[in-house]
Amino acid sequence: MPQTELICELSTSHGGEKAWQEKLIESAAIAGFDYAKFQSYEIRHLKTSDPQWFWMSQAELSNADHNRLVKTCSSMGVSFLTTAFHKDRVHFLHDIGLHAVKVGSGEGGQLDLLEEVAKYDWRIFVSTGLWTQAEMHDALDILDGKDAVLLHTVSE
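Computed from a prediction, not measured in an experiment: that's the story for all the values here.

Looking at the sheet that holds strand S1 (residues 7-11)
Strands sit in the order S1-S2-S3-S4-S5-S6 across an open sheet of six strands; the sheet is parallel. Single-partner strands in this sheet number two, and they are S1 and strand S6 (148-151). The average undirected angle you get between the axes of adjacent strands in this sheet is 25°. Direction of pairing for strand S5 (residues 123-127) relative to S6: parallel, over a ladder of four bridges. Bridge pairing in S6 places Phe125 opposite Val149. The strands touched by helix H3 (residues 63-76) within the sheet are strand S2 (35-40) and strand S3 (79-84), with S3 carrying the most contacts at an inclination of about 145°.

Quick word on the side chain of Asp65
Within the secondary structure layout, Asp65 lies in helix H3. Judged by its relative accessible area of 10%, Asp65 falls in the buried class. Looking at Asp65, its side chain comes within polar contact range of the side chain of Arg68, at 3.2 Å. Filtering out sequence-adjacent residues up to four positions away, Asp65 remains in contact with Lys18 and Glu60.

Structural notes on the pattern of salt bridges
Taken as a whole and assessed by the stated rule, the structure comprises eleven salt bridges. In this structure, Arg123 and Glu5 form a salt bridge, with 2.4 Å as the shortest nitrogen-oxygen distance. Taken together, the residues Arg123 in strand S5 and Glu5 in the segment before S1 connect sequence positions 118 residues apart. Classification of Arg123 as partly exposed rests on a relative accessible area of 21%. We classify Glu5 as partly exposed; its relative accessible area is 27%. The residue Glu42 makes a salt bridge to Arg89 at a minimum N-O spacing of 3.9 Å. Pair noted here: Glu42 is in the loop between S2 and helix H2 (53-59) and Arg89 is in helix H4 (residues 87-95), with a separation of 47 residues, a long-range link. The exposure class assigned to Glu42 is buried, which follows from its relative accessible area of 17%.

Some remarks on the side chain of Thr83
Inspection of the secondary structure assignment puts Thr83 in strand S3. A residue is classified by how much of its surface remains accessible, and Thr83, at 2% relative accessible area, is buried. Excluding anything up to four places from it in sequence, Thr83 contacts Lys37, Phe38, Gln39, Ser40, Lys102, Val103 and Gly104.

Observations regarding the nonpolar core
Ile25, Phe38, Leu93, Val117, Trp122 and Ile124 are the most contacted members of the largest nonpolar core, which has 32 residues in total. Setting aside residues no more than four positions away along its own chain, Ile25 makes contact with Leu10, Ala36, Phe38, Leu69, Thr72, Cys73, Met76 and Val78. In terms of nonpolar packing, the next biggest core, distinct from the first, is built from five residues, Ile43, Met56, Ala59 and Phe85 among them.

Looking at the layout of surface pockets
Taken as a whole, the largest pocket spans an internal volume of roughly 240 Å³. Every residue along the wall of the largest pocket is listed here: Thr12, Gln39, Tyr41, Glu42, His45, Leu46, Asp50, Gln52, Met56, Phe85, His86 and Glu107. Across the lining of the largest pocket, the residue classes break down as four nonpolar, five polar and three charged. By volume, the second largest pocket amounts to about 200 Å³. Contributing to the lining of the second largest pocket are 14 residues, with Lys102, Gly104, Ser105, Gly106 and Ser127 lying nearest its centre. Grouping the constituent residues of the lining of the second largest pocket by class yields two nonpolar, eight polar and four charged.

Calculation criteria
- Along each chain, residues carry numbers from 1 onward, in the same order as the chain's sequence is written.
- Totals for whole chains, interfaces and linings use every residue, but because this is a predicted model, local features are given only for residues with pLDDT of at least 70 and side-chain atom pairs only at 80 or more, for both listing and counting.
- With hydrogens and water set aside, each side-chain value is computed from the structure's full complement of heavy atoms.
- In this analysis, strands are considered paired if DSSP registers two or more bridges between them.
- Helix and strand assignments follow DSSP, with helices taken as H or I runs no shorter than four residues and strands as E runs no shorter than two, numbered in order from the N terminus.
- All axes are obtained by fitting lines to C-alpha atoms, using only the stretch in contact for helices, and the reported angles, taken between N-to-C directions, cover 0 to 180 degrees.
- The contact criterion used is simple: two residues touch if any of their non-hydrogen atoms lie within 4.5 Å.
- Under the scheme applied here, a residue whose accessible area is under 20% of the maximum for its type counts as buried, over 50% as exposed, and between as partly exposed, the area being computed with a 1.4 Å probe on protein chains only.
- Polar contacts, as counted here, are pairs of nitrogen or oxygen atoms within 3.5 Å of one another; within protein the pair requires one atom able to donate a hydrogen and one able to accept it, and residues that are adjacent in sequence qualify only if both atoms are side-chain atoms.
- Note on definitions: salt bridges are taken to be side-chain nitrogens of Lys or Arg within 4 Å of carboxyl oxygens of Asp or Glu.
- To form a nonpolar core, buried Ala, Val, Leu, Ile, Met, Phe, Trp, Tyr and Cys residues must be joined to one another through side-chain atoms within 4.5 Å.
- Here a cavity means grid points, on a 1 Å grid over the protein atoms only, where a 1.4 Å probe fits yet cannot get out; a pocket means an open set of points with protein on both sides within 12 Å along at least five of seven lines; lining residues are those with an atom within 4 Å of a point.
- Grid points are joined across faces, edges and corners, and a volume is the space filled by probe spheres set on the points.
- Polar here means any residue other than Ala, Val, Leu, Ile, Met, Phe, Trp, Tyr, Cys and Pro, which are nonpolar, and Asp, Glu, Lys and Arg, which are charged; Gly is therefore polar.

So this is what it looks like as structure tokens:
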């Protein structure tokens with residue numbers, strides 16, 4: 001029987017505040033979550049006209065932030081998990097020792113991202129809420145034979 005794993009969605013709720021990031025991880029660990037999940041994006045990929053640009057620019061995690069958060073999670077007994085939004089972040093995420101990565105539902109059409117994620121031997125969580133059937137079939141072909149978990153998510 002599959003084991004249930006709990007992912008605490010922290011996303012960008014920390015607003016870039018290091019003390020708040022650590023408090024959120026601590027709360028996730030105390031609550032019994034398996035993963036504390038953040039987002040690994042680079043603001044350079046967003047247009048300044050994006051309504052979320054200011055918030056996202058504050059909450060962007062640097063490479064040093066990623067390394068610090070991985071260590072913080074480990075010290076608190078919870079695994080660091082992050083959503084990769086662009087293929088150019090995947091190699092870095094693998095190199096910092098992650099055992100799992102997430103692909104968001106908004107990235108279903110980014111086959112190059114899925115192909116990059118599939119190059120590595122790690123658990124892959126995939127949200128499917130915004131995916132079309134064609135994107136789902138393409139993703140399943142790419143992820144065939146990988147330790148992939150499809151998350152049925154609802155996007156409104």
